[in-house]
Amino acid sequence: MRNIYLGLGGNINDPRIYFQKAIKQLSQKIGIISVSSLYLSAPQSTYPQPDFLNAALEVETALSPYQLLRFTQTIENQLGRKRNAEKGHPRPIDIDILLYGQMSVKCPGLIIPHPRIFGRDFVIVPLIEITDDSFFLYSQLKLELDKLRRRSNLYIKRKLKEPEWNEFIRSLVRDHRE
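First, a word on scope: everything that follows refers to the structure included in this document. (Residues numbered from 1 in each chain as written. Predicted model: local features only at pLDDT ≥ 70, side-chain atom pairs only at ≥ 80, totals over all residues. Heavy atoms only, no water.)

Describing the pattern of salt bridges
Then comes step 1: The full count for this structure, using the stated rule, is 6 salt bridges.
Then comes step 2: One salt bridge in this structure joins Glu-76 and Arg-81, with 3.6 Å as the shortest N-O distance. Each of the two residues, Glu-76 as well as Arg-81, counts as buried.
Then comes step 3: Among the salt bridges present, the one from Asp-94 reaches Arg-81, with a minimum N-O distance of 2.9 Å. In this pair, Asp-94 is assigned in strand E5 (residues 94-100) and Arg-81 in the loop between helix H2 (65-78) and E5, connecting sequence segments 13 residues apart.
Then comes step 4: Each of Glu-76, Arg-81, Arg-91 and Asp-94 takes part in salt bridges that share partners, so that together they form one network. (Salt bridge = Lys/Arg side-chain N within 4 Å of Asp/Glu carboxyl O. Buried < 20%, exposed > 50% of the residue type's maximum accessible area, 1.4 Å probe, protein only. Helix = DSSP H or I, 4+ residues; strand = E, 2+ residues; numbered from the N terminus.)

As for the nonpolar core
Then comes step 1: Within the largest apolar cluster, 35 residues are counted, with the highest numbers of intra-cluster contacts made by Leu-6, Ile-23, Leu-57 and Leu-68.
Then comes step 2: Contributions of two or more residues to this core are made by strand E1 (4-10), helix H1 (15-26), strand E2 (31-35), strand E4 (52-60), H2, E5, strand E7 (110-112) and helix H5 (163-177).
Then comes step 3: In terms of residues, this core owes the most to one element, H1, which gives 5 residues.
Then comes step 4: Each residue touching Leu-68, except ones within four places of it in the same chain, is listed here: Ile-4, Leu-6, Ile-30, Leu-63, Ile-97 and Tyr-100.
Then comes step 5: Core analysis: the second largest hydrophobic core is formed by 17 residues, Ile-117, Val-125, Leu-145 and Leu-148 among them. (Core = buried A, V, L, I, M, F, W, Y, C linked by side-chain atoms within 4.5 Å. Contact = heavy atoms within 4.5 Å.)

Examining the environment of Pro-90
Then comes step 1: The residue Pro-90 is located in the loop between H2 and E5 in this model.
Then comes step 2: Each C-alpha atom, one on Pro-90 and one on Ser-37, is 21 Å from the other, the two residues being 53 residues apart in sequence.

Quick word on the packing of aromatic side chains
We describe a pair of aromatic rings using the distance from one ring centre to the other and the angle between the two ring planes.
Then comes step 1: In total, this model carries 3 aromatic pairs according to the counting rule given.
Then comes step 2: Summarising the aromatic geometry, the rings of Phe-19 and Trp-165 are spaced 6.2 Å apart at their centres and angled 65° between planes, so their arrangement reads as edge-to-face. Here the residue Phe-19 occupies a position in helix H1, and Trp-165 occupies one in helix H5, the gap between them amounting to 146 residues.
Then comes step 3: In this structure Phe-19 comes out as buried when scored by relative accessible area, which is 0%.
Then comes step 4: Residues Trp-165 and Phe-168 carry aromatic rings whose centres are separated by 5.8 Å and whose planes lie at 40° to one another, so their mutual orientation is tilted. Placement of both Trp-165 and Phe-168 in helix H5 is noted, with a separation of 3 residues, approximately one turn of the helix. Just as Trp-165 is buried, Phe-168 falls in that class too.
Then comes step 5: Chaining the aromatic ring pairs together yields one cluster made of Phe-19, Trp-165 and Phe-168. (Phe/Tyr/Trp six-rings, centres within 6.5 Å; stacked < 30°, edge-to-face > 60°.)

As structure tokens, then:
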């Protein structure tokens, strides 16, 4: 199935390295269709911590939403993610299932679409980058981003120019297509 979107975030050590490791592990079971640029964003938490790196991926898989969740959580755990009781603490990697086609899921531990897509520019901007106006939520995402900009409620500080990241992504997408 296509039109599955994942969000990546992290702010401990060098999140780029964790993102690359996570994407390599993801690509062992799922197809990587596209990957956004990296975005530096301010933490939303009042807990003092470094800025976050964020990105989005479009993937395809035959895994069910629950299987995909277990798979992403296994990768997070292998990469040192600690699940704190308190939300908003620093972490090396966070992999969120943002959208799973047009499917809706609501159960303990898994809500799709991700309940906090809207209101977070660090999720919306990378998603817009890897979709186009044929994407079923594209116009809603653009409207929400315009709303956030008008309220000056933005967390993204800047899009990073990362030649090594871009080459890493091109090689992954190229490998998937071959």
